[in-house]
Amino acid sequence: MLGGGALRTVEAEEGRTENRISFHLNKDGGVLLKLAVPSVASSQVLDIDENEQLVLQLIEEVGNKGIWRHEIHRKSKIVEVQLNKILKNLTTKKLIKPITSVLAGKKKMYILANLEPNESVTGGNFYSGQQFDSEYFKMLHAMCYKFLEDKAEEVRKLPLNPVEQRMRTFLSTSDVHEAIQNSKVSKVELKPQEIDDILLTLVFDGKAEHVVRTTAQGGHTNYYCAVAALIETSGLMRTPCGQCPLLNDCKEGGIISPSSCEYMKNWLTF
Amino acid sequence: MSQSEVLACTCVLRECFNERIETVGKYLAENGPSQLRTMANKTGLKINEVQTALRFLIKHNMVEFTFDSVKNNVLYSVNLRNIRAVVRSDRYTDAIRSLYGHDAEAIVRDILLNGQMSLPEIITSVLESFADRSNGEKRIYEKFVQLVQTHFVRRCPALANTMSEEDRIPDLRINESQLYDVPSFSNVAEEMQANMQQLDSSKRPNDKAKIDTVYWCVNIDRFNEFLRDQTLIHAISKRVHPQAAEIVRTLLRRSEVKSPGGVPKTVPISFYELLEELPKDLSITNNLLEKWLKVLTEAAAEFIQQEGDGGGGQYSVYFQRGFAELCKAHIESIVQERYGSDSKRVIRILMMKNQVEMSQIEILTKIDPKEATGIVYRLLGDNFISVVEVAKSTELVPKHTFYYFSVDVDRVAKMLLDRSFKTLANLILRRMHESKENKRLIDKEQRMLAILAQIDSPEEKEEFQRQMTPAERTQLEKYNHAMFMLMKAEQEVDETIFILETYLSYSK
């Protein structure tokens, strides 16, 4: 029975066409018709049973983000053993495929066979397989820093007033993107968001400054410039005691003491 | 007053003075305000030995005395900051030399060496180091006046009333208005003349100071304020530009007379005041100053900000925020040197973003997740970062708990300050050890130098120098190099100590 304000979806299939029309009843008793998105689950000539259909539908709903096996089990309430059979079946029929996310390597996730996994799952261009390619990232990181430094050096030589100097030192994400493309160091084309990620790590290293400027069209652009360190190496770390793991045990007259310290001895002969 | 600070101060006392003074200073540092008799009992020294040590420490402003009327006792307490000022004394004298020249440096060095001196004593002592003593007294006097007017030297509290039988301690007082009151040159010359006559007539040194003699000492607070300003100027010079740093120097100089000590930021200075005060040789026009101030408020926003619009714009220098940035820079540098650049990135993110989950750290740092986890737990184990657990359910199950990592900058600064004091103590101890190990050689070199000064003929000099073997010469070079390294390291560690303790003083 319909309750006041309740919506119920009544699905109607017109034979085996691709379109689905859903009927919604609103509180006034009127009927709303909605054309639903074509569903893989129902559109194909499938010899799959209801449960398999349900599982496929759940996988379809998450799109290219992928769904965790455990999540399918929770939502569908299908028993584990049966669920495993269904997933194996669907995979064999090439309707779905298993993927692994970089964020949770041990979780078994599934996605529709015809879709490519989202970047949050694959990790984007910085991941080769499941592994974060740190060498590749470090190379790009160093390159981006070099571009920013070179720009700063170039602007420093120009006879500009301080405000103009500062403004000109900044490079936008697209400037750096173009520079990387032109240098041809990367075999794949990196996305602007990925360039932003690299430049942000420079900000987190204390090597760059980040400002956001609004464009004439009302959008926001990220700008970065190289920034000098505030201090030289801290005085504490210029002594062997700064690095020493045994400082708490070090005591004059003890086994570990400043007078007998090997680290000190080596450091003093430097 | 941590154990490490006490250790560093006792090392300073032992190296600069002697073991008895160290024993007394150490007892007061570890036990707080104490009586004379208690000190003698506990340290095993005789009463007169403790008195001598106390007299010396009081003269050097390292110990103060008060009268406890409830217990009817005189209590002595130690001033650790003034003991540590010995380590910083080279920085103080360098600062004065750069500001006012060699004569002023000699005055400050002599006062630091003696603790408290009267003006005639200062003039006499400094004059001895002059090659050309013509008009020396007047020159020294004028430099001295300059130092007092800029508050680098101040009067010591003086005896308000003559001590009577009932007084347990002398009544030493000074008004704020008298602190920087210099007597006229003629008065000083008269006093010096009188001293000379007494010296000639009695034919022995005049030990007893006159009751109304004015004593002067170095104003440590003022020197520390100067170093604070220098530190900020140096940071801005690196971060922005040397010319911008000169503008900040002028701003600080202008505001130092107006801002009371210990405030988190200066009194606002207007654009036009600043323009007027800027040294003419910098050739900074109205337009250029405006541009630099705009750049400074963007690129060095933690150090300088515009407070208002009056007078062309009102600008203040922020000590508290500036030193917070410097303190964080030191924490980052220390983490980088100990654990690597990836660790520095992690701790910077945590300092920038306050409470961060592990997954966010992995995404933002772009470090391999396994490595990132290792870094976080290493920093956690060494107390650089802390964790807060927020349970999703009523039970604290790891699977259903949020773990937020953050950095408590005050706590880390205190930990690093402690470490720095320990390092300072170690450097002094090693120095004393090296000197002890090479004592024979050092004494031999001293004797040889004294004799060589009396030999004229070069051949005889060369013959005499062969008394030191090549091996001994090499050993002596090694020793000198070691001493140089240790002294340099001591100064560098003291710079770190200065930044950390200045930051902590503002965050209290």
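These numbers were taken from a predicted model, which means no experiment stands behind them.

A.B. asks: Report on the overall build of chain B, specifying residues and quantitative values.
C.D. replies: On a plain count of helices and strands, chain B comes out with 21 helices and 13 strands. Overall size of chain B, expressed as C-alpha extent along the three principal axes, is 90 × 70 × 60 Å. Per-residue burial over chain B gives 45% buried out of 508 residues. Contacts in chain B between residues at least 24 apart in sequence constitute 63% of all its contacts with a sequence separation of at least 6. Of the roughly 26300 Å² of accessible surface on chain B, a fraction of 48% belongs to carbon and sulfur atoms.

A.B. asks: Tell me what's going on with the interface of chain A and chain B, and back it up with residues and numbers.
C.D. replies: Taken together, the contact between chain A and chain B spans 47 residues of the former and 53 residues of the latter. Both faces combined, the contact of chain A with chain B buries some 4700 Å², and carbon together with sulfur accounts for 64% of it. At the boundary of chain A with chain B, the tally comes to 5 salt bridges. With a shortest N-O distance of 2.9 Å, glutamate 298 of chain B and arginine 166 of chain A are connected by a salt bridge. The tally of links from chain A across to chain B stands at 20 residue pairs in polar contact (both at pLDDT 80 or more).

A.B. asks: Describe unusual backbone geometry, listing the residues and the values that go with them.
C.D. replies: Its identity is not glycine, yet asparagine 72 of chain B carries a phi of approximately 55°, on the positive side. A positive phi angle, near 65°, is found at asparagine 354 of chain B, a position not held by glycine.

A.B. asks: Please give an account of the confidence of the model for chain B that cites residues and values.
C.D. replies: Summary statistics for chain B give a mean pLDDT of 88 and a share of 96% for residues scoring 70 or more. Under the prediction, the complex receives an ipTM of 0.83, its pTM being 0.85.

A.B. asks: Kindly report on the side chain of aspartate 196 of chain A, identifying the contributing residues and their values.
C.D. replies: For aspartate 196 of chain A, the position within the fold is in helix 9 (residues 192-204). It is lysine 366 of chain B that comes nearest to the buried, bridge-free aspartate 196 of chain A among opposite-charge side chains, at 11 Å. In this structure aspartate 196 of chain A touches Thr173, Asn222 and Tyr224 of chain A, once residues within four positions along its chain are discounted.

A.B. asks: Would you mind going over the pairing of strand 11 (residues 220-226) of chain A in detail, with residue names and values included?
C.D. replies: Residue and element names in this part refer to chain A. Direction of pairing for strand 9 (residues 171-172) relative to strand 11: antiparallel, over a ladder of 2 bridges. Across the sheet, serine 172 pairs through a bridge with tyrosine 223, a residue of strand 11. Here 7 bridges tie strand 10 (residues 208-214) to strand 11, and the two strands are oriented antiparallel to one another. Bridging from a neighbouring strand, glutamate 209 pairs with cysteine 225 of strand 11. Counting the residues in the hairpin turn of strand 10 and strand 11 gives 5 residues, including glycine 218, whose phi is positive at 95°.

A.B. asks: Residues and numbers for the sheet that holds strand 11 of chain A, please.
C.D. replies: Residues and elements named next belong to chain A. Spatially, the 3 strands line up as an open sheet ordered 9-11-10, and their pairing is antiparallel. Two strands in the sheet have a free side with no partner beyond their single neighbour: strand 9 and strand 10. Sheet strands touched by helix 9: strand 10 and strand 11. Its angle to strand 11, the strand with the most contacts, is close to 45°.

Rules used in this analysis
Each chain has its residues counted from 1, following the order in which its sequence is written. Here chains are named by letter from A upward and ligands by number from 1 upward, in the order in which they appear as written. Only residues with pLDDT of 70 or above have their local features reported here, since the model is predicted, and side-chain atom pairs are shown and tallied only from 80 upward, although totals for entire chains, interfaces and linings are computed over all residues. Values shown for side chains rest on all heavy atoms present in the structure; no hydrogens or waters enter the calculation. Each helix is a run of DSSP H or I of at least 4 residues and each strand a run of E of at least 2, with the numbering of both proceeding from the N terminus. Three exposure classes are used, based on accessible area relative to the maximum for each residue type with a 1.4 Å probe and protein chains only: buried under 20%, partly exposed in between, and exposed over 50%. A contact between two residues is defined here by any heavy atoms of the two lying within 4.5 Å. Computed with the Shrake-Rupley method and a 1.4 Å probe, the accessible areas treat only the protein chains shown as cover for residues. Buried area counts how much accessible surface, traced with a 1.4 Å probe, disappears from two parts once they are put together, with both parts' losses summed. Salt bridges are defined by distance alone: a side-chain nitrogen of Lys or Arg within 4 Å of a carboxyl oxygen of Asp or Glu. Polar contact is defined as a pair of N or O atoms within 3.5 Å, subject to the rule that within protein one atom must be able to donate a hydrogen and the other to accept it, and that residues adjacent in sequence are counted only when both atoms are side-chain atoms. pLDDT measures how confident the predictor is about each residue, on a scale from 0 to 100. In this tally, Lys and Arg are treated as positive and Asp and Glu as negative; His is ignored, and so are the chain termini. The pairing criterion for strands is at least two bridges between them, as found by DSSP. Axes, fitted as lines to C-alpha atoms, cover a helix only where it is in contact. Angles between the N-to-C directions of the axes lie from 0 to 180 degrees.

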